[in-house]
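Here is how the chains run, residue by residue.
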Amino acid sequence: MPGSGTRIPRPRQIVEDLTIHLPGAESEPAAQVGGARVPAIILYDGDEIGGLHSLTKGDTVIGRTAGCDIVIPESRVSRRHAIIRRMTEGEDRFEVVDLGSTNGTFVDGDRVGRLMLVRGSKVAIGGRILKFEMLDKTDLAYQSRIVQMIHLDELTGLLTKRSLFRALEMELIRTERYHHPLSVLMMDLDHFKQVNDTHGHLVGSHCLSEVGALIREATRVTDVSGRYGGEEFVSFLPETDTAAARIVADRIREALAGRSFQYHETRYQVRISIGVATYPAHGNGVESLVQAADTALYRAKTLGRNRCEVFEPPPVT
């Protein structure tokens, strides 16, 4: 199993990490306006749209590499592109400083080397827009809800496909940098159509919700899971080799095989098939890894379902 390293949050934690919170905000009425304000950057586009980054320290580095505070993995973004810097300790006055980037840093349409930010300033870096704001508790509650709506699948509580792939892309950057393995599980419910046809779509929706919860229970806090589409799910397991990933896959399969569900008066069971692929042996990117896991899943289906299979590369001719 994996050792120490960068902690990757679970799906809902990924969403929560895109937002910031004021102490005590959860215990006060949601309608309350005002109070302390938090300086923050709001991501206005890209796969992390709606996300917030609080400016709680002296320098917030923006760039393409994993070591930056705000990572924008785009080719037009330099490795260390710009810094948002608190100008005076204890005061909410910030400036943006370009770090000699290739494509420049722009504020409200003008290229700048250094400029003080005001509320509503829009910073463009590599075609991405980041807005500087001062947010109160009501703003934070609203923004948190927006992030959840964008990034979480409402039915299963797992990441959406797009958010999952973005998280996997970011994790692969760290995986390559630190030379760790990473495994992907592609999962598909067996004969799910029969559940819908026999018991109706409400039971089918209940089934997907329960399976999402089971996947969260059966995986570690460092693993990240999402709904790939329909009755298909994907998990990626940082710092996990093929043997360890197979153990996780079997745990998920066995947990589902040993459980029955109930929706009102309807009791039902469902099984799952799982394909396993590992970086770098079976692929070195998001698409190649997911494709390898999908190939292994297809093999599990053809061999009888309710089983786990590891990707087997085609023989060299």
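Our subject is the structure listed above.
Residues numbered from 1 in each chain as written. Predicted model: local features only at pLDDT ≥ 70, side-chain atom pairs only at ≥ 80, totals over all residues. Heavy atoms only, no water.

As a further point, take the overall build of the chain. Helices and strands together make up the secondary structure of the chain, namely seven helices and 18 strands. Residues counted as buried form 50% of the 317 residues belonging to the chain. Residue pairs in contact within the chain that sit at least 24 positions apart in sequence constitute 61% of those at least 6 positions apart. About 15200 Å² of surface is accessible on the chain, with carbon and sulfur atoms providing 50% of the total. (Helix = DSSP H or I, 4+ residues; strand = E, 2+ residues; numbered from the N terminus. Buried < 20%, exposed > 50% of the residue type's maximum accessible area, 1.4 Å probe, protein only. Contact = heavy atoms within 4.5 Å. Areas by Shrake-Rupley, 256 points an atom, 1.4 Å probe, with all protein chains shown as cover.)

In spatial order, the strands read β4-β3-β5-β6-β9; together these five strands make up an open sheet with mixed pairing. The open sheet is flanked by β4 (70–71) and β9 (114–116), the only strands paired with a single partner. Relative to β4, strand β3 (residues 59–63) is paired through two bridges, and the arrangement is parallel. The partner of I62 across the bridge, within β4, is I70. (Pairing = 2+ DSSP bridges.)

The next thing to look at is the sheet that holds strand β17 (residues 271–279). Judged by pairing direction, the sheet is mixed, and its five strands sit side by side in the order β13-β14-β12-β17-β18 without closing on themselves. On the outer flanks of this sheet lie β13 (224–229) and β18 (308–310), each paired with one strand and no other. Ignoring which end each strand starts from, the neighbouring axes of this sheet average 20° apart. Inspection of the sheet shows strand β12 (residues 182–190) paired to β17 by nine bridges, in the antiparallel sense. Looking at β17, one finds that D190 is bridged to R271. (Axes fitted to C-alpha atoms, helices over the stretch in contact; angles between N-to-C directions.)

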